[in-house]
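These are the residues of each chain, in order.
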Amino acid sequence: VIERDLQSLLADISGITVRVLAGRVVVDGQVHTPGEISRIHSATKLYGRDVQSLVTLSPASYPALAKIIEREIGNPEIRVRIVNGHILLEGHAN
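Residues numbered from 1 in each chain as written. Predicted model: local features only at pLDDT ≥ 70, side-chain atom pairs only at ≥ 80, totals over all residues. Heavy atoms only, no water.

### Here we look at unusual backbone geometry
Look at Ala-22: it is not a glycine, yet its phi comes out positive at around 50°. Position of Ala-22 among the secondary structure elements: in the loop between strand S1 (16-21) and strand S2 (24-31). We note that Asn-84 has phi near 50°; this positive angle belongs to a residue other than glycine. Tracing the sequence through the fold places Asn-84 in the loop between strand S5 (78-83) and strand S6 (86-91). (Helix = DSSP H or I, 4+ residues; strand = E, 2+ residues; numbered from the N terminus.)

Right under this line is the structure:
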């Protein structure tokens, strides 16, 4: 029942699978936006310990995410890079 509910709730998010493993429902895969990860987290949280999310952000989305972070920082002297899944800020802040 939980598996079917989550599949329905998350049907419009590509790149993920919902399945039962060892008696728990697992959501797995890669998504393209932080908003999708947030939505998956909110949906899985509804079911507590019965559901686990292994979803990650696709590395293909890192350049766009870095640009969003730079824009939010708003300082042209700060550059953002994402290396091995870690966000690095480079530059000088005044």
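### A word on the confidence of the model for the protein
Per-residue pLDDT for the protein has a mean of 94; in total, 100% of the residues score no lower than 70. Per-residue pLDDT, averaged within each element of the protein, yields its smallest value for strand S4 (residues 56-57) (93) and its largest for S2 (97). (pLDDT = per-residue confidence, 0-100.)

### Some remarks on the nonpolar core
Ranked by size, the top nonpolar core spans twelve residues in total: Leu-6, Leu-10, Ile-13, Ile-16, Val-18, Val-25, Val-27, Val-31, Ile-40, Ala-43, Val-51 and Val-55. If you list the elements that add at least two residues to this core, you get S1, S2 and helix H2 (34-45). If one sorts the elements of this core by residue count, S2 sits on top with three residues. In this structure Leu-6 touches Val-18, Val-25, Val-27, Ala-43, Thr-44, Tyr-47 and Val-51, once residues within four positions along its chain are discounted. Within the second largest apolar cluster, six residues are counted, among which are Leu-57, Leu-65, Val-80 and Ile-82. (Core = buried A, V, L, I, M, F, W, Y, C linked by side-chain atoms within 4.5 Å. Buried < 20%, exposed > 50% of the residue type's maximum accessible area, 1.4 Å probe, protein only. Contact = heavy atoms within 4.5 Å.)

### Digging into the side chain of Glu-36
Among the secondary structure elements, Glu-36 is positioned in helix H2. Of the side chains bearing the opposite charge, Arg-39 lies closest to the buried Glu-36, which forms no salt bridge; the N-O distance is 7.0 Å. Filtering out sequence-adjacent residues up to four positions away, Glu-36 remains in contact with Ile-13 and Val-31. (Lys, Arg positive; Asp, Glu negative; His and termini not counted. Salt bridge = Lys/Arg side-chain N within 4 Å of Asp/Glu carboxyl O.)

### Things to note about the pairing of S6
Working note: regular strand, side chains alternate between the two faces of the sheet. Pairing of S5 with S6 involves six bridges; the strand directions are antiparallel. Within S6, the position partnered with Ile-78 by the bridge is Gly-91. Hairpin remark: S5 followed by S6, antiparallel, with two residues in the connecting loop; positive phi at Asn-84, about 50°. (Pairing = 2+ DSSP bridges.)

### Considering H2
The terminal C-alpha atoms of H2 lie 16 Å apart, and with twelve residues this matches the ideal 16 Å at 1.5 Å per residue to within 8%. Taken together, the buried positions of H2 are Glu-36, Ile-40, Ala-43 and Thr-44. The arc enclosing the buried residues of H2, seen along the axis, measures out at 95°, which places them on a common side. The elements touched by buried residues of H2 are helix H1 (2-9), S1, S2 and strand S3 (51-53). (Expected span 1.5 Å × (residues − 1). Arc of directions from axis to C-beta.)

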